[in-house]
Amino acid sequence: MAVRVGILGATGAVGQRLIQLLDPHPDFEIAALTASDSSAGKSYREAAKWRVDTPIPADVADMTVGATDPDDVPGDVDLLFSSLPSSVGAAVEPAFCEAGYVVSSNSSNARMADDVPLVIPEVNADHLDLLEVQRDDRGWDGALVKNPNCSTITFVPTLAALEQFGLERVHVATLQAVSGAGYDGVTSMEIIDNAIPHIGSEEEKLETESKKLLGDFDGAELAQHDVSVSASCNRIPTLDGHLENVWLETAETLSPVDAADALSSYSFDDVDLRSSPDPLIHVFEDLERPQPRLDRTLGDGMAISVGGLQESTFGLQYNCLAHNTIRGAAGASVLNGELLLENGYL
Ligand code: NAP
């Protein structure tokens, strides 16, 4: 029987992607939708300005949007996907966990908390067990698991694949799509014919979340990885798909050929989840790929693509790309939902 799920922030850019991915999902059934007070009480069709490239599922369009309040969500919903602004997430997600709901969240609040697992299943599925520490610490019947920032998700799997060569220093520069800022994030007057070389607090997220994701969990505490990461984040006028330029220094000499082998054969034996693509990392020989418009939908938007592997003054240089609202947000949360289900948390 499918698990009944709800979506917090269901009318936004990520919320709409969640609906697109969850509606046909055989393990999950959408049973509750919430948004802000201005949407609550309306039908979903009326509340959401639907912008995803498939029609609104008919049964979802007729659902009534509820308030984002634990008292407004049916008690038989087992799992909540959260795509709320982080300030709202910080205020309400703990209340949902306290009320017994398991929450798989995109929002950036609490990602770096010591007892909150920050998970990309193909990289650090074992960190999910941090939920036992969380439940002991906080006394929750529910639980809170996070997926990382959309730009962190794009380059960290490549680091995981290359970790065997000894990660020392990483420099990453991003070219991020406008959908990453949410529907009301960047106006056309700001971004057309332009690039914006600063995205508030984004750089810090890449620099800190990557070390947590690559860290070691011993069953009680998580030790962060000691790799140094330096990031520069830029907004460009693409719709979807974050492209990133990476310079990597490793302890062992790493040739582009060895890196291509390690990236394309990267395997994560313990994880076999429906939404995880095979292969996870697609390597292009063509130096001009990956490109957002051509490659963001590889693996149904869940693959990471890599190209431009070459030696640089600082070791290895390459480019990588992922779909920011699928692999970088909604798909990442759904994947964590599948991991929670497989590990008996629902
Ligand atoms: P968005 O398009 O602005 O959508 C925000 C959603 O939250 C809407 O459903 C909105 O409902 C609801 N909301 C706003 N204020 C609320 C309040 N006070 N109480 C309850 N609900 C409220 O944002 P988004 O791009 O989907 O991003 C959502 C979250 O995911 C953010 O934390 C963002 O940082 C994170 N994220 C986004 C991406 C991406 O690529 N876009 C990637 C990774 C992570 P109304 O329609 O009623 O206002």
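In this text, all values refer to a predicted model and were calculated from it rather than measured experimentally.

Visitor: Just to check I follow, could you spell out the sheet that holds strand 10 (residues 228–235) for this structure?
Guide: Paired through their backbone hydrogen bonds, the strands of a sheet run either parallel or antiparallel. Within the open sheet, the six strands sit side by side as 10-7-11-14-13-12. Their pairing is mixed. Strands with a single pairing partner mark the edges of an open sheet, and in this sheet they are strand 10 and strand 12 (281–283). Across the sheet, the axes of successive neighbouring strands diverge by a mean angle of 25 degrees, strand direction being ignored. The sheet contact formed by strand 7 (residues 167–176) and strand 10 spans eight bridges and is parallel. Directly across from H171, in strand 10, lies its bridge partner S230. Docked against the sheet, helix 9 (residues 202–213) engages strand 7 and strand 10, running at close to 145 degrees with respect to strand 10.

Visitor: Help me out: how do you make sense of the environment of A48 in this one?
Guide: Inspection of the secondary structure assignment puts A48 in the loop between helix 2 (44–47) and helix 3 (58–61). According to the relative accessible area criterion, A48 is buried, its value standing at 7%. Considering only alpha carbons, one finds A48 and Q16, 32 residues apart in sequence, at a separation of 8.3 Å. The contact partners of A48, leaving out residues within four places of it in the chain, are T11 and Q16.

Visitor: Can you help me understand the side chain of T325 in this one?
Guide: Its location among the elements puts T325 in the loop between strand 14 (315–322) and helix 12 (326–342). At a separation of 2.9 Å, a polar atom in the side chain of T325 contacts the side chain of R17. In this view, T325 contacts R17, S179, D240, A330 and G331; residues no more than four positions away in its chain are not counted.

Visitor: Explain the pattern of salt bridges here, please?
Guide: A side chain with one charge may pair with a side chain of the opposite charge, provided their charged atoms come close. Using the criterion set out here, one finds 12 salt bridges in the structure. Here R111 makes a salt bridge to E209, at a shortest N to O gap of 2.9 Å. Of this pair, R111 sits in the loop between strand 5 (102–105) and helix 5 (121–124) while E209 sits in helix 9, placing them 98 residues apart in sequence. Grouping residues by exposure puts R111 and E209 together as buried. Among the charged side chains, a network of salt bridges with common partners joins R4, E29 and D76.

Visitor: Which parts of the structure should I look at to understand unusual backbone geometry?
Guide: With glycine set apart, most residues show a phi of negative sign, and most peptide bonds adopt trans. Look at the link from D278 to P279: it is a cis peptide, with omega at 5 degrees. For P279, the location among the structural elements is in the loop between helix 10 (256–264) and strand 12. Even without a glycine there, the phi angle at D193 is positive, about 60 degrees. Turning to its location among the elements, D193 is positioned in the loop between helix 8 (188–191) and helix 9. Residue D193 is classed as exposed on the basis of its relative accessible area, which comes to 76%. Look at S201: it is not a glycine, yet its phi comes out positive at around 60 degrees. The residue S201 is located in the loop between helix 8 and helix 9 in this model.

Reading guide: rules and limits
Residues numbered from 1 in each chain as written. Predicted model: local features only at pLDDT ≥ 70, side-chain atom pairs only at ≥ 80, totals over all residues. Heavy atoms only, no water. Pairing = 2+ DSSP bridges. Helix = DSSP H or I, 4+ residues; strand = E, 2+ residues; numbered from the N terminus. Axes fitted to C-alpha atoms, helices over the stretch in contact; angles between N-to-C directions. Contact = heavy atoms within 4.5 Å. Buried < 20%, exposed > 50% of the residue type's maximum accessible area, 1.4 Å probe, protein only. Polar contact = N/O pair within 3.5 Å; in protein donor to acceptor, adjacent residues only side chain to side chain. Salt bridge = Lys/Arg side-chain N within 4 Å of Asp/Glu carboxyl O.

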